Amino acid sequence: MDTQCAGIGALLKGERDVKSRVMVQVADRRLEMRSLEVPPVGPAEGLLKVEGCGLCGSDIEQFRGHFTAKGIVTYPLIPGHEPVGTLVEVGPQAASAWGVKAGDRVALEPHLSCGLCRTCLSGGYHLCRAVRPVGLPSYGFLPLDFGHGLWGGYSEFIHLHPRTVMHKLPLGMPVALATIYQALAAGIRWAVQVPRTALGDTVLILGCGQRGLGSVVAAKEAGAGCIIVTGLAADAHKLALARSLGAHHTIVADQEDVVARVMAITHGAGADVAVDVVPAAPQPVIHAVEAVRVGGTIVIAGVKGRDTRVSLDTDRVLFKEITIHGVYSQGRAAYEQSLRLLAENTHGLERLHTHEFPLEKAAEALMTLGGEIAGREAICVSLHP
Ligand SMILES: [Zn+2]
Ligand SMILES: [Zn+2]
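Residues numbered from 1 in each chain as written. Chains lettered and ligands numbered in written order. Predicted model: local features only at pLDDT ≥ 70, side-chain atom pairs only at ≥ 80, totals over all residues. Heavy atoms only, no water.

**Remarks on the sheet that holds strand β8 (residues 202–206)**
- Ordered by their spatial adjacency, six strands build an open sheet running β10-β9-β8-β11-β12-β13, and the pairing between neighbours is parallel. For this open sheet the edge positions go to β10 (249–252) and β13 (323–326), each flanked by a neighbour on one side alone. Taken pair by pair, the neighbouring strands of this sheet meet at an average axis angle of 15 degrees, ignoring direction.
- Strand contacts of helix α9 (residues 236–245): β9 (226–231) and β10, with the helix running at about 165 degrees to β10, the strand carrying the most contacts. (Pairing = 2+ DSSP bridges. Helix = DSSP H or I, 4+ residues; strand = E, 2+ residues; numbered from the N terminus. Axes fitted to C-alpha atoms, helices over the stretch in contact; angles between N-to-C directions. Contact = heavy atoms within 4.5 Å.)

**Side note on the coordination of the zinc ion (ligand 2)**
- Every protein donor of the zinc ion (ligand 2) is listed here as Cys114 (SG), Cys117 (SG), Cys120 (SG) and Cys128 (SG), and their distances to the metal cover 2.3 to 2.4 Å.
- The coordination sphere of the zinc ion (ligand 2) comprises four donor atoms, whose angles at the metal cover 104 to 115 degrees; the geometry is tetrahedral.
- For the zinc ion (ligand 2), the donor residues sit on a single chain with the sequence spacing C-x2-C-x2-C-x7-C. Placement of the pair is Cys114 in the loop between β5 (105–108) and α5 (118–121) and Cys128 in the loop between α5 and β6 (157–160), with a sequence separation of 14 residues. (Donors = N, O, S within 2.8 Å, 3.2 Å for Na, K, Ca; no water. Tetrahedral: all angles 85-135°; square planar, octahedral: opposite > 155°, others 65-115°.)

**A closer look at the side chain of Thr197**
- With respect to the helices and strands, Thr197 occurs in the loop between α7 (181–193) and β8.
- Note on Thr197: relative accessible area 9%, which makes it buried.
- Of note is the side chain of Thr197, whose polar atom sits 2.6 Å from the backbone oxygen of Ala191.
- Not counting chain neighbours up to four residues away, the residues in contact with Thr197 comprise Ala191, Val192, Val203, Ala222 and Val273. (Buried < 20%, exposed > 50% of the residue type's maximum accessible area, 1.4 Å probe, protein only. Polar contact = N/O pair within 3.5 Å; in protein donor to acceptor, adjacent residues only side chain to side chain.)

**Points about the coordination of the zinc ion (ligand 1)**
- Coordination of the zinc ion (ligand 1) by the protein involves Cys56 (SG), His81 (NE2) and Glu82 (OE), with metal-donor separations of 2.0 to 2.1 Å.
- Read in sequence order, the donor residues coordinating the zinc ion (ligand 1) give the pattern C-x24-H-E. Of this pair, Cys56 sits in the loop between β3 (46–55) and α2 (57–64) while His81 sits in the loop between α3 (66–69) and β4 (83–90); the two residues are 25 residues apart in sequence, bridging distant segments of the chain. We note that Cys56, like His81, is buried.

**Details of the packing of aromatic side chains**
- In this structure the tally under the stated criterion is four aromatic pairs.
- Ring plane angle 45 degrees and centroid distance 6.2 Å describe the contact between Tyr139 and Trp151, whose orientation is recorded as tilted. One end of the pair, Tyr139, is in the loop between α5 and β6; the other, Trp151, is in the loop between α5 and β6, with 12 residues separating them in the sequence.
- Overall, Tyr139 belongs to the buried group, its relative accessible area being 0%.
- A centroid spacing of 5.6 Å and a plane angle of 45 degrees characterise the contact between Phe146 and Trp151, whose relative ring orientation is tilted.
- Of the residues examined, Phe146 reaches a relative accessible area of 23% and is grouped as partly exposed.
- Among the aromatic side chains, those forming a connected cluster through ring pairs are Tyr139, Phe146 and Trp151. (Phe/Tyr/Trp six-rings, centres within 6.5 Å; stacked < 30°, edge-to-face > 60°.)

Here it is as structure tokens:
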């Protein structure tokens, strides 16, 4: 692999005509294969040869046009914000800032932050909007007409912005396993780091998609004494995986009384921590308020959408002295732990990865993850250019 990378790097430094095969989203549910020029790499930039790109619920929403409808993104653009790959060229300033060299394997953080604003300086760099105040300053969401346009993981190459944050991957880690790094990092930050989950805690995880299952792994790793996961009857395969990853109890939310089950399991005490990772549905947040213990913590991570409101009983929050945290994205500390768990892989994490597709089958990959293809039970899906 090193020789091949050195070859590409040498090619890129000389007179060259390097192109990247890319999948460009041109309209709702429409992706086109194109070939784009790879521009030279500046001193503070780099070039990533994408080995694989994970897909999540945001990719599905983007594919279906939900973000365009809200004015968050504009077509055309190259999607893909969960890429892992090999650095084929790194400018000297970038090498020193990122602590990497050509030939290193890395996973990217999606967000581009300025590092200078009040938000960045107070530690919330993943919430910075200074690099691109309009839209989302993130790989996979920037339009083709922003700079060189090679900002997405549905591509052979990503031309790296100077403000990129990345994490090194072990050379031997299988690509498909590596592509679940963001799902696992989400579970680590949302189910453990933010609520400060401690040894012996009871953790209620509302939702059993990628983020819910990542939360199960994280809670187990943190030493939670009791892990309870909810899902729908249609999620039977995910609930089974949750149990085999370490969940002690699973609840079928469309067939059982979630709060009554949690209270029975905890002998009336309630859960120490409740994590909501269910998109769109407001009910899990209401369940969380009832099912956490007095003094418990709720983490809200499931995006409900602009038209959905949760009717919260604030008196219950007040009398139970519940702490509610909103969370968005993962962050450096969670990525580091995610990559450590993937490298150690003592949990059989490859079981989270169910499907992989070549780049040109991006639409089929998205439909598979989105449950649009009968008979395919997907959890983590990746694209391999
Ligand atoms: Zn994602
Ligand atoms: Zn900033």
